[in-house]
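# Topology and contacts: notes
Chain by chain, the residues run as shown.
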Amino acid sequence: DFGSLLALVNLRELRLEENGLKSLSNLVPLPRLQALHLGANRVGDMAEMDKLAPLPCILDLTLSNNPLARKQLYRATAIQKLPTLRILDNKEITIEERERVDVLFAMDSR
C-alpha cells in the first residue's frame, strides 16, 4: 500500500526491486529521498519518469531491467528530467554526459 509511504517524509533510500510495478505514480511526496531502486519491475512508459520530477533530492536512480530502460534515449531522458541525478543504473553521470544531453534536448526543442 503506497499510502503508507506518505508518513515517511524523512526517507532517504527506497528499494522496490522485483515488485511488478508498472507505474511510479504513488512514490511522491518523498522530499528527502536520495536513492530510489526500482530495478526488475515492469515500468514501460517513458512518461513515468515525469512522476519522479517532484523528488527534489534524488541522486541515485535504478530502473535497469524495466522495459523503459531498453527504449531509445532512456538514459538521456532520465538525465534531462532529473537534474539532481548523479547516478543512473549504477553508472555515474559525468559533467560531459550531462552537457551532451543538454545539447541533444536543446536541438530537439527547435
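Note that the structure is a prediction, hence the values are computed from the model and not measured.

On to the overall build of the protein. The helix and strand tally for the protein stands at 2 helices and 5 strands. The linear arrangement of helices and strands in the protein, starting from the amino end, is β-β-β-α-β-β-α. Against the 2.2 N^0.38 benchmark of 13 Å for 110 residues, the protein shows a C-alpha radius of gyration of 14 Å, consistent with a compact globule. The buried share among the 110 residues of the protein stands at 36%.

Strand order in the open sheet formed by 5 strands is β1-β2-β3-β4-β5, and the pairing between neighbours is mixed. Each edge of the sheet is formed by a strand with only one pairing partner; in this case those strands are β1 (13–15) and β5 (91–92). Examined bridge by bridge, strand β4 (residues 87–88) and β5 share 2 bridges and lie antiparallel to one another. If you follow Leu88 over to β5, its bridge partner there is Lys91.

One non-glycine residue, Ala40, adopts positive backbone phi at about 60°. On the secondary structure map, Ala40 appears in the loop between β2 (35–37) and β3 (60–62). Located in the positive-phi region is Asn65, a residue other than glycine, with phi close to 65°. Among the secondary structure elements, Asn65 is positioned in the loop between β3 and α1 (74–81). For Asn65, a relative accessible area of 58% corresponds to the exposed category.

Once that is clear, we can look at helix α2 (residues 95–108). Residues lying three or four places apart along an α-helix face the same way, a consequence of the helix completing one turn every 3.6 residues. Here α2 spans 20 Å end to end across 14 residues, near enough to the 20 Å set by a 1.5 Å rise per residue. Those residues of α2 that fall on the buried side of the exposure criterion are Glu97, Arg98 and Val101. Here the buried residues of α2 occupy an arc of 95° about the axis, which is enough to place them on one side. Looking at α2, the residues exposed on the side facing more than 90 degrees away from the buried face are Ile95, Arg100 and Met107. Buried residues along α2 sit against α1 and β5.

This part covers the pattern of salt bridges. Inspection of every chain in the model, using the stated rule, returns 5 salt bridges. As a salt-bridge pair, Arg15 and Glu13 come within 3.0 Å of each other at their nearest N and O atoms. Across the pair Glu97 and Arg75 runs a salt bridge, and its minimum N-O distance is 2.6 Å. Taken as a pair, Glu97 in helix α2 and Arg75 in helix α1 lie far apart in primary sequence, 22 residues in all. For Glu97, a relative accessible area of 11% corresponds to the buried category. When salt bridges that share partners are traced, they join Glu13, Arg15 and Glu17 into one network.

The rules behind the values
- Residues numbered from 1 in each chain as written.
- Predicted model: local features only at pLDDT ≥ 70, side-chain atom pairs only at ≥ 80, totals over all residues.
- Heavy atoms only, no water.
- Helix = DSSP H or I, 4+ residues; strand = E, 2+ residues; numbered from the N terminus.
- Rg over C-alpha atoms; globule rule 2.2 N^0.38 Å.
- Buried < 20%, exposed > 50% of the residue type's maximum accessible area, 1.4 Å probe, protein only.
- Pairing = 2+ DSSP bridges.
- Expected span 1.5 Å × (residues − 1).
- Arc of directions from axis to C-beta.
- Contact = heavy atoms within 4.5 Å.
- Salt bridge = Lys/Arg side-chain N within 4 Å of Asp/Glu carboxyl O.

Geometry only, nothing functional implied.
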